[in-house]
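These are the residues of each chain, in order.
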Amino acid sequence: MHPEFEHGQHLLSRPDQNIFWQRLTRRESNGGRRLLMLHGAGVAGTLTWAPLVGHLTAHDELIIPDLRGMGQTVSPDGGEPPFTLEQVVEDVMALIETQRITHFDLIGYSFGGLVAMRLVQRLRAERPEVKVGDISLLEPALLERECHATMIQVRDGYAEAAHAMREAASPEAGITAFLDLISPHRTRNPRAERMMVARLAHRHLGFANALDCVTHAVREIDREALLADVLAAGGEVRSMVGGKSPTTLRDYHALLAERHPGWQSLEIPGTDHSLPFQKPRRIGAELSFV
């Protein structure tokens, strides 16, 4: 993935999933920290984080799993069964346990941001000996707007997009509907649009399952309790949002920073929801100062 790192690929066998994950270890260690990296819905860990790896200086070990429904993580029977947020979190917890990981920093993007927050909450309750340091959240699901009731209504549009991916002859229309919801102000370059749709269509059923997983979680999770546990983890919490993302999202993250001394919100100019793909150097620089 990057010449500065030794790269190992591994498989964690779970009862209903084979979890693919990667460990990157810096060849010349600087005494840096470990970073657990959780990608977004519809894309694999490598595709999401490879552009960022070369810009990281504070971390010497990177743990990158493919979450359910994405990348090389697959069901033993080859199907695309639906899944819950708790199942995804338990996959990551199993990885932490089997590798005897006791401390790490954490970054989560979109769906992976929601997984990251719930992971912190579960570890605090069930595995308090595991210490989570600094937490970086890139436009995490569940923190899309302040009004939770409105957010639930908006998620109905994501459910419709997921339905279209499953039921239509081709998933492209459902994927475009998703992009219109998540990045309404994106630059609609035809080539970039084709690339985004193609990468999200690679495992469109797994992608649809991830969208439904978030929609269900948004209705069930106590968001204030979740935020309290994330802030209580002990490290700094930093959220990053795109300057071209919806005002409701940017305003809510700014409000979180105003309300909570341990929360910092950064707006990345010229980006939308695809910020890790658009500005990996800037994000890497921010992580290097965490």
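None of the values given here were measured: they were computed from a predicted structure.

What counts, and where the lines are drawn
What you see as residue numbers is a count from 1 along each chain, following the sequence as written. A pLDDT threshold of at least 70 governs which residues receive local features in this predicted model, and a stricter bar of 80 or more applies before side-chain atom pairs are shown or counted, although totals over entire chains, interfaces and linings include all residues. The basis for every side-chain value is the complete set of heavy atoms in the structure, and neither hydrogens nor water enter the calculation. Note on definitions: angles span 0 to 180 degrees between N-to-C directions of axes, and those axes are lines fitted to C-alpha atoms, for helices only across the stretch in contact. A run of H or I in DSSP counts as a helix once it spans at least four residues, and a run of E counts as a strand once it spans at least two, with each numbered from the N terminus. Working rule for angles: under 35 degrees goes down as roughly parallel, over 145 as roughly antiparallel, 65 to 115 as roughly perpendicular, anything else as oblique. Contacts: residue pairs with any heavy atoms within 4.5 Å of one another. For this classification, the nonpolar set comprises Ala, Val, Leu, Ile, Met, Phe, Trp, Tyr, Cys and Pro, the charged set comprises Asp, Glu, Lys and Arg, and every other residue, Gly included, is treated as polar. Two strands are counted as paired when DSSP detects at least two bridges linking them. Here is how to tell: hold the view so the strands point away, follow the path from the first strand over the helix to the second, and if it runs clockwise the crossover is right-handed. Note on exposure labels: buried denotes an accessible area under 20% of the residue type's maximum, exposed denotes more than 50%, and partly exposed covers the range between, all computed with a 1.4 Å probe on protein chains only. Planes of paired rings set the category: under 30 degrees apart is stacked, over 60 is edge-to-face and the rest tilted, where pairs are Phe, Tyr or Trp rings (Trp by its six-membered ring) whose centres lie within 6.5 Å. Either the NZ atom of lysine or the CZ atom of arginine qualifies as a charge over a ring when it sits within 6 Å of the ring centre and within 35 degrees of the ring normal.

K.L.:
It is not clear to me how the packing of helix α3 (residues 111-126) against helix α8 (residues 223-231) should be interpreted in this structure. Could you clarify?
P.N.:
Geometry of a packed helix pair, given as the angle between the helix axes and the separation of the axes. Direction vectors running N to C along α3 and α8 enclose 75°, while the axes themselves pass 9 Å from each other. For the element pair α3 / α8, the angle class is roughly perpendicular. Between α3 and α8, the contacting residues are Met117, Arg118, Val120, Gln121 and Arg124 on the first element and Ala225, Leu226, Asp229 and Val230 on the second. Partitioned by chemical class, the residues of the contact of α3 with α8 number five nonpolar, one polar and three charged.

K.L.:
Please explain the pairing of strand β8 (residues 263-268) as it appears in this structure.
P.N.:
On a regular strand, each side chain points to the face opposite its neighbour's, so the side chains alternate between the two faces of the sheet. Taken together, the six bridges between strand β7 (residues 237-242) and β8 define a ladder with parallel strand orientation. When the sheet's bridge partners are listed, Ser239 is paired in β8 with Ser265. For the handedness criterion, the β-α-β arrangement of β7, helix α9 (residues 247-259) and β8 is classed as right-handed.

K.L.:
Help me out: how do you make sense of the sheet that holds strand β4 (residues 59-65) in this one?
P.N.:
Strand order in the open sheet made by the eight strands is β1-β2-β4-β3-β5-β6-β7-β8, with mixed pairing throughout. Edge strands, defined here as strands with exactly one partner in the open sheet, are β1 (5-13) and β8. Pairwise comparison of adjacent strand axes, ignoring direction, gives a mean angle of 20° for this sheet. Lying over the sheet, α3 contacts β3 (33-38), β5 (103-109) and β6 (131-138), oriented at roughly 145° with respect to β5. Each of β7 and β8 is contacted by α9, which is oriented at about 150° to β8, the strand it contacts most.

K.L.:
Help me understand the environment of His202 in this model?
P.N.:
Positionally, His202 belongs in the loop between α6 (190-201) and α7 (204-220). The exposed category is assigned to His202, whose relative accessible area is 66%. Once the C-alpha coordinates of His202 and Pro171 are considered, the two residues, 31 residues apart in sequence, prove to be 9.8 Å apart.

K.L.:
When you look at the packing of aromatic side chains in this model, what are you seeing that I'm missing?
P.N.:
Between two aromatic rings, the relevant description is the distance of the centres plus the angle of the planes. According to the stated counting rule, one finds three aromatic pairs in the structure shown. Ring geometry for Tyr109 and Phe277: centres 6.2 Å apart, planes at 75°, overall edge-to-face. Of the two residues, Tyr109 sits in strand β5 while Phe277 sits in helix α10 (residues 275-278), which places them 168 residues apart along the sequence. Note on Phe277: relative accessible area 22%, which makes it partly exposed. Seen from their ring centres, Phe178 and Phe207 are 5.0 Å apart, and the 90° between their planes marks the pair as edge-to-face. Remark: Phe207 occurs in helix α7 and Phe178 occurs in helix α5 (residues 172-182); sequence separation between them is 29 residues. With relative accessibility at 8%, the residue Phe178 sits in the buried group. Grouped by ring-pair contacts, the aromatic residues Tyr158, Phe178 and Phe207 constitute a single cluster. In this arrangement the basic side chain of Arg155 is found over the ring face of Tyr158, its NZ or CZ atom lying 3.9 Å from the centre. Cation over ring: Arg199 sits above Phe277, and NZ or CZ is 4.1 Å from the ring centre.

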